[in-house]
Amino acid sequence: MLLGHRDIQTTRGYVAVFDEDVIRHHLAHLNERRQLRPDHEYRDVTSDEWDEFEEHFDKRKVELGACGRPYGTPCQHEHACIRCPMLQVSPKMISRLDDLEADLITRRVRAKTEGWAGEIEGLDLTLQLLRAKRDDTQRRAQRPLVDLGIPAPRMKTEDQ
């Protein structure tokens, strides 16, 4: 959030804010915070810790894109990704969402024919969330990418 707004475009209506400035200020903030913390908290990562870290992000890759859940947390939604707010759909997969929507509509017709009220309710919710994800993905695909750069490693001082 910048100046209380969820979207930087809102702020740009009355303040000149440049992506580079936001990034520079954020990195400066991080450096200030790191200087306040004890040096022993910044130890080298073990190979086991690094493997675990990489494994977490490998497991976040799913058919439709990527799971945005925080590091070290399991999937709380039993891999019902279309319903999960953590799913970040890849723009390449919009056509797959269309296929899933067609299947859900077919299933809903069958559920209505059979009188499965609970199934209809569940399918309606899934359809609603799928459509919202597709709309969001299409909106995100229209936004320009922002290069955040690669953070530089901390330089060791003589007293470390």
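Refer to the structure presented above.
Residues numbered from 1 in each chain as written. Predicted model: local features only at pLDDT ≥ 70, side-chain atom pairs only at ≥ 80, totals over all residues. Heavy atoms only, no water.

(A) Region of interest: the packing of helix 4 (residues 94-114) against helix 5 (residues 117-142). In contact at an axis separation of 10 Å, helix 4 and helix 5 are set at 165 degrees when each is read in the N-to-C sense. It follows that helix 4 is roughly antiparallel to helix 5 by the angle criterion. Here helix 4 and helix 5 pass one another in a crossing that is left-handed. In contact with I94, L97, D98, L100, E101, L104, I105, R107, R108, A111 and K112 of helix 4, helix 5 contributes E119, I120, L123, D124, T126, L127, L130, R131, R134, T137 and Q138. (Axes fitted to C-alpha atoms, helices over the stretch in contact; angles between N-to-C directions. Helix = DSSP H or I, 4+ residues; strand = E, 2+ residues; numbered from the N terminus. Parallel < 35°, antiparallel > 145°, perpendicular 65-115°, else oblique. Left-handed = near helix turned anticlockwise from the far one by under 90°. Contact = heavy atoms within 4.5 Å.)

(B) Local environment of a nonpolar patch on the surface. Taken together, the side chains of V45, W50, F53, F57 and Y71 make up a nonpolar region of the molecular surface, amounting to roughly 470 Å² of accessible area. Of note, W50 is situated in helix 3 (residues 47-59). For W50, a relative accessible area of 43% translates into the label partly exposed. (Patch = residues over 30% accessible without salt bridge, like charges linked within 9 Å, V, L, I, M, F, W, Y side chains within 5 Å. Areas by Shrake-Rupley, 256 points an atom, 1.4 Å probe, with all protein chains shown as cover. Salt bridge = Lys/Arg side-chain N within 4 Å of Asp/Glu carboxyl O. Buried < 20%, exposed > 50% of the residue type's maximum accessible area, 1.4 Å probe, protein only.)

(C) Fine view of a negative patch on the surface. A contiguous patch of negative charge, built from D48, D51, E52 and E54, is present on the exposed surface. Relative to the helices and strands, D51 is located in helix 3. A residue is classified by how much of its surface remains accessible, and D51, at 43% relative accessible area, is partly exposed. (Lys, Arg positive; Asp, Glu negative; His and termini not counted. Charge placed at Lys NZ, Arg CZ, Asp CG, Glu CD.)

(D) A look at the sheet that holds strand 3 (residues 87-89). Taken together, three strands build an open sheet; the order of strands is 1-2-3 and the sheet is antiparallel. This sheet does not close on itself; its edge strands, each paired only once, are strand 1 (61-62) and strand 3. (Pairing = 2+ DSSP bridges.)

(E) Structural detail: the packing of aromatic side chains. In the structure shown here, the tally under the stated rule is two aromatic pairs. Between F53 and F57, the ring centres sit 4.9 Å apart and the planes meet at 65 degrees, which makes this aromatic pair edge-to-face. Here F57 and F53 lie together in helix 3, a separation of four residues that amounts to about one turn. Its relative accessible area of 31% is what places F57 among the partly exposed residues. (Phe/Tyr/Trp six-rings, centres within 6.5 Å; stacked < 30°, edge-to-face > 60°.)

(F) Fine view of the pattern of salt bridges. One pass over the structure, following the stated rule, counts eleven salt bridges. Between E55 and K59 there is a salt bridge whose closest N-O contact spans 3.0 Å. Of this pair, E55 and K59 both sit in helix 3, four residues apart, which is roughly one turn of that helix. The class for E55 is partly exposed, based on a relative accessible area of 40%. Relative accessible area serves as the criterion here: at 51%, K59 is assigned to the exposed category.

(G) Examining the nonpolar core more closely. In terms of nonpolar packing, the biggest core is built from eleven residues, these being L64, I82, L87, V89, L97, L104, A111, I120, L123, L127 and L130. At the level of elements, strand 3, helix 4 and helix 5 are the ones that each hand at least two residues to this core. Among the elements that take part in this core, helix 5 stands out by supplying four residues, more than any other. What A111 contacts, discounting residues up to four positions off in sequence, is W116, E119, I120 and L123. (Core = buried A, V, L, I, M, F, W, Y, C linked by side-chain atoms within 4.5 Å.)

Interpretation in functional terms is not warranted from these geometric data alone.
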